[in-house]
Structures are given as structure tokens and as C-alpha cells.
Amino acid sequence: MEHGHDPGLGVAENYLAFAEEARGRSPAYESLAASVAQDGVVLGFLGSLPPDKRQPNLLFAAARYLLGGTPDPGGLRDLASRGRDELAGVLLARRTQTNEPARCATLLPALALLPRPLALIEVGASAGLTLLFDRYSYDYAGHRITGSDPAAPVLRSEPHGPVPLPDRVPEITWRAGLDLNPLDVSDDDEMRWLSCLVWPGEGDREQRLAAAVATARRSPRSTTIWPVSPNVISPTAPPWTGSTSSSPPASADTFSPPWPSSTARRQDRSAAVSPSASMSG
Ligand SMILES: C[S@@+](CC[C@H](N)C(=O)[O-])C[C@H]1O[C@@H](n2cnc3c(N)ncnc32)[C@H](O)[C@@H]1O
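These remarks concern the structure in this document. (Residues numbered from 1 in each chain as written. Predicted model: local features only at pLDDT ≥ 70, side-chain atom pairs only at ≥ 80, totals over all residues.)

### Regarding the overall build of the chain
Moving on, step 1. Per the secondary structure count, the chain includes 9 helices and 8 strands.
Moving on, step 2. Residues classed as buried in the chain amount to 40% of the 281 residues present. (Helix = DSSP H or I, 4+ residues; strand = E, 2+ residues; numbered from the N terminus. Buried ≥ 20, exposed ≤ 12 C-beta atoms within 10 Å, placed from the backbone.)

So this is what it looks like as C-alpha cells:
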């Protein structure tokens, strides 16, 4: 489990655990989380929220969303007291839905081994940025692969061991996502929320996200992200059932990439769920 929302721990302990996780990754979040763990005002505010709305990632993103930048401990305390209704409104309305296009670089070698063309289904797709494998370019420690959108970001990854690196991106004839709360890449406000979810101090993540959103907006065929309810994805009746234009083509094998980042092959063209976790989300 990601640090910061362990239901077996109290709120202050969760923020201390999150401060540990942020060490070396995000100095701003490390010190903010450590200060929340000792701040009666912020802890009192968090205690008034449902347990799944108390997590550090969500609180800090909401503060950045409202304040336009990462607050210092005093700024966060002020927001949690004088702006508590506004802050609670954002926390109750939003979810942590970090969409990290760089995950495509770790999955591409596996996808490229499969017969083509591909149809992709992603469970937990957020804004669908990890469905755009063929648009991005890749750099595996000097082994470069050019994607179909020359302006898309170059995703870098350092292979270890005998990774079967492809020479080109796979042909993808169909792609769809499923999510509890699909995010719309054409909606500036939803994309601003996505960028607030990126931790401050994590190198070029924010720029990569912005470039991937621009890529999605330029994409010739739009990707449908279907809304679903928790635990209600029927392998016999996926959301596109009955819609000829939205169904995967019969010529393509269907694969389910990340939730958030695992890959599973499906021969029956039905939705697949394959949960696993990697980057924080
Ligand atoms: C951390 S984001 C990962 C997004 C993307 N897969 C990636 O790797 O960049 C997890 C997404 O899964 C969605 N999600 C969580 N539980 C789900 C469920 N039971 N069914 C469908 N989507 C779910 C969330 O709404 C969120 O958008």
C-alpha cells in the first residue's frame, strides 16, 4: 500500500509515513507532511472528512489547486481553517488520478512482443494518457524509437538485463479506457487538477504531463474512457456492448494495460482487470 492512507493508522501517523516516502523525492512534501502530523488545526480538519479523503496526496493537490502553488505549513493551516469549506469541497469532489505517460516506456517492450494489430483496454485509465503508446517516442539508453506524433514527448527508460526492445511502435487500431471518474483531456480545469497531483520537485514530470495532454488533444482518433462503478465490470457485457463504432475490431487482439501499470492479454475481446501498483497515484 502507498504510504499515507493505511486505514490501520491514525491520520498523524499516516502523514509521518508519507513524509518518509517523500524523502529524497519531494522535499516540499516531506516537510509539509511532517508538519501536518503535528498540526492540530489541519488534523482536526482532516478528522472531519471521510477516511478516504484524508490522504496526503489528495490534501496537498487540493491546496495547490486552490492556492496556485505548494503552500508552506502556515499557508496550509490557514486554508484548513479560514478556507475549510472551499478546501473540503475540492477534497470531496476530486480523486487521486495521477496519469503518468512514462509508464508506457516500461510496458512497450511487452506489448511489442504481441501479434498486431492491437486493441487496448485500460482499467483505471484516468485521462487515457497511458493508452497512447504509438504516439510517443522512446529512448532506451540510446536505443531510440520514433512514435507517430513528432511533437509528443520522448519517454526515457534504462533497460536492465535482456529486455527485448522493439524497433518501432506497435500498430494500435482501437483503444478504450474504463474509470470510476474519466478525465477529459479537452477540459482545462480537469487537466489542471491532474498537474496538481504531480509532486513538486519530481524533475520533468509536470512538463511531460503537459506534453502528453497536448499529444492527446492532437490525437486523430479520440479515446473513449467509459465511466464504471467500483467492482462492476462485466467481462460478458463491457460498456461498448451494442455499439458497433465503439467496439474493438475483430481483426485486433485485445490487451489490457495498466491498472495502474500491469499488462494482461485477453483473447476474448472482453474487459480485463489486472490490478498492480507502481508509481504513486
Ligand atoms: C493512479 S490512477 C492511474 C492512471 C493510469 N492507469 C496510469 O498508470 O497513469 C488510478 C485510476 O484508477 C481509477 N480507479 C480506481 N479504482 C477503480 C475501479 N475499481 N474501476 C475503475 N477505475 C478505477 C481511478 O479513478 C484513477 O483514475
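### Re helix α4 (residues 56–67)
For an α-helix, the turn length of 3.6 residues means that residues three or four places apart are oriented alike.
Moving on, step 1. The terminal C-alpha atoms of α4 lie 16 Å apart, and with 12 residues this matches the ideal 16 Å at 1.5 Å per residue to within 8%.
Moving on, step 2. Counting buried positions over the 12 residues of α4 gives 9, a clear majority of the element.
Moving on, step 3. Within the span of α4, buried status applies to Pro-56, Asn-57, Leu-58, Leu-59, Phe-60, Ala-61, Ala-62, Ala-63 and Arg-64.
Moving on, step 4. Where the residues of α4 are buried, they touch α1 (11–22), α2 (27–36), α3 (40–47), α5 (73–82), α6 (84–93) and α8 (188–196).
Moving on, step 5. Trailing α4 by a residue or two, Gly-68 shows a phi angle of about 80°, which is positive. (Expected span 1.5 Å × (residues − 1). Contact = placed C-beta atoms within 7 Å.)

### As for the sheet that holds strand β4 (residues 154–156)
The strands that make up a sheet are held in pairs by hydrogen bonds between backbone atoms, and each pair lies either parallel or antiparallel.
Moving on, step 1. With respect to topology, 3 strands assemble into an open sheet ordered β3-β2-β4, the strand pairing being mixed. Sheet topology places β3 (143–145) and β4 at the edges, where each strand pairs with a single neighbour. Adjacent strand axes in the sheet meet at a mean angle of 20°, parallel and antiparallel pairs treated alike.
Moving on, step 2. Sheet analysis places strand β2 (residues 137–140) next to β4, joined by 3 bridges and oriented parallel. Residue Ser-137 lies in a different strand from β4, and its bridge partner there is Val-154. (Pairing = 2+ DSSP bridges. Axes fitted to C-alpha atoms, helices over the stretch in contact; angles between N-to-C directions.)

### Brief notes about the packing of α4 against α6
Moving on, step 1. The contact between α4 and α6 brings their axes to 9 Å, and the two run at 120°. With respect to each other, α4 and α6 are oriented oblique. For the crossing formed where α4 meets α6, the hand is right-handed. Across the interface between the two elements, Leu-58, Leu-59, Ala-62, Tyr-65 and Leu-66 from α4 touch Glu-86, Leu-87, Val-90 and Leu-91 from α6.
Moving on, step 2. Its residues assigned to classes, the contact of α4 with α6 shows 8 nonpolar, no polar and 1 charged. (Parallel < 35°, antiparallel > 145°, perpendicular 65-115°, else oblique. Left-handed = near helix turned anticlockwise from the far one by under 90°. Nonpolar A, V, L, I, M, F, W, Y, C, P; charged D, E, K, R; others polar.)

### Some points on the nonpolar core
Moving on, step 1. By size, the foremost hydrophobic cluster in this structure holds 65 residues, and its most contacted members are Ala-33 and Phe-133.
Moving on, step 2. Three or more residues apiece are contributed to this core by two domains, here domain 1 (11–93) and domain 2 (103–280).
Moving on, step 3. Leaving out residues up to four positions away in the same chain, Phe-133 has contacts with Cys-104, Leu-108, Leu-111, Val-169, Pro-170 and Ile-172. (Core = buried A, V, L, I, M, F, W, Y, C linked by C-beta atoms within 7 Å. Domains from an automatic or database assignment.)

### Topic: the environment of Ala-33
Moving on, step 1. Tracing the chain through its elements places Ala-33 in helix α2.
Moving on, step 2. In this structure, Ala-33 is in contact with Tyr-15, Phe-18, Ala-19, Ala-22 and Pro-56, ignoring residues within four places of it in sequence.

### What about the packing of α1 against α2?
Moving on, step 1. In contact at an axis separation of 8 Å, α1 and α2 are set at 165° when each is read in the N-to-C sense. The angle between the axes of α1 and α2 places the two elements in the roughly antiparallel class. Judged by the sense of rotation from one axis to the other, the crossing of α1 with α2 is left-handed. Here Tyr-15, Leu-16, Phe-18, Ala-19 and Ala-22 of α1 lie close against α2, whose contacting residues are Tyr-29, Glu-30, Ala-33, Ala-34 and Val-36.
Moving on, step 2. Its residues placed into classes, the contact of α1 with α2 shows 9 nonpolar, no polar and 1 charged.

### Describing unusual backbone geometry
Moving on, step 1. Geometrically, the link from Arg-116 to Pro-117 is a cis peptide bond, its omega value of 0° lying close to zero.
Moving on, step 2. Structurally, Pro-117 is set in the loop between α7 (103–112) and β1 (118–123).
Moving on, step 3. Residues other than glycine seldom take positive phi values, yet Ala-141 does so here, at roughly 50°.
Moving on, step 4. Note on placement: Ala-141 falls in the loop between β2 and β3.
Moving on, step 5. Judged by the 12 C-beta atoms lying within 10 Å of it, Ala-141 falls in the exposed class.

Interpretation in functional terms is not warranted from these geometric data alone.
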